[in-house]
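Residues per chain are reported as follows:
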Amino acid sequence: MLIGLAISLSEGGLQLRTIAHMLGMDFVVTATNTSLALAGTIVVASDARAIPLLLVPAVTVFLAYRAYLLERQRHERLEFLYEATRTLSRSPEIVLALEGLLARSLEAFRAEMAEIVLFSSDGTPPLRTTLGRVTTRR
C-alpha cells in the first residue's frame, strides 16, 4: 500500500483497478517467495546435500517474473500506440491531433515536455508543437 501511495503522490493518482492488480500480484509474489523460502529451510534443516535441488525452482521463479515484466512492458507499449493512433484518427484538425498525441506521450513516458516538429517538402517553415508546462505552436 505504501508503494501505491508513493506512486499516487508522484504521478497524481492511481485507479482502483491498478491498485487491485498491484495488490493481487504482490500477494502472488509474496506467497511464491515465502513457499520457496520455507521449502529451502526444510531442505537445509533435513539434508543440506539437497540444496542444489532448490536451484531449479528458484531459477524458474526468477525467469517467470522476468517474462511477466517483459510482457507487461510490451503490453503498455502497444496500449500507448493504440491510444496514439486513436487520438490521431479521431481528431478533426492536425494541431488538435498533435496536441493529443503529445499529451498521451507525456502520460506514457512521464515526461515534463514533449515536442513534435513537422517538416514540409515545399520549403515552408516547419510546424513545431510543444506540450509541457507551456504549450506553444509555431
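Residues numbered from 1 in each chain as written. Predicted model: local features only at pLDDT ≥ 70, side-chain atom pairs only at ≥ 80, totals over all residues. Heavy atoms only, no water.

### Overview of the overall build of the protein chain
1) Next: When helices and strands are tallied, the protein chain shows four helices and three strands.
2) Next: Helices (α) and strands (β) of the protein chain occur, in sequence order from the N terminus, as α-α-α-α-β-β-β.
3) Next: Taken over the C-alpha trace, the protein chain has a radius of gyration of 24 Å; the compact-globule value for 138 residues is 14 Å, which it surpasses by more than 25%.
4) Next: For the C-alpha atoms alone, the extent of the protein chain along its principal axes is close to 80 × 35 × 25 Å.
5) Next: Evaluated residue by residue, the protein chain yields a buried proportion of 17% over its 138 residues.
6) Next: By sequence separation, contacts in the protein chain at least 24 residues apart represent 31% of the contacts at least 6 residues apart.
7) Next: Accessible area of the protein chain: about 10,800 Å², with a carbon and sulfur share of 65%. (Helix = DSSP H or I, 4+ residues; strand = E, 2+ residues; numbered from the N terminus. Rg over C-alpha atoms; globule rule 2.2 N^0.38 Å. Buried < 20%, exposed > 50% of the residue type's maximum accessible area, 1.4 Å probe, protein only. Contact = heavy atoms within 4.5 Å. Areas by Shrake-Rupley, 256 points an atom, 1.4 Å probe, with all protein chains shown as cover.)

### Some details on the packing of helix α2 (residues 16–46) against helix α3 (residues 55–90)
1) Next: Following both chains from N to C, one finds α2 and α3 inclined at 165°, their axes separated by 10 Å at the closest point. By the criterion of interaxial angle, the relationship of α2 to α3 is roughly antiparallel. The crossing of α2 and α3 is left-handed. The residues of α3 that touch α2, namely those facing H21, M25, V29, T32, N33 and L36, are P57, A58, V61, Y65, Y68 and R72.
2) Next: The residue makeup of the contact of α2 with α3, split by class, is eight nonpolar, three polar and one charged. (Axes fitted to C-alpha atoms, helices over the stretch in contact; angles between N-to-C directions. Parallel < 35°, antiparallel > 145°, perpendicular 65-115°, else oblique. Left-handed = near helix turned anticlockwise from the far one by under 90°. Nonpolar A, V, L, I, M, F, W, Y, C, P; charged D, E, K, R; others polar.)

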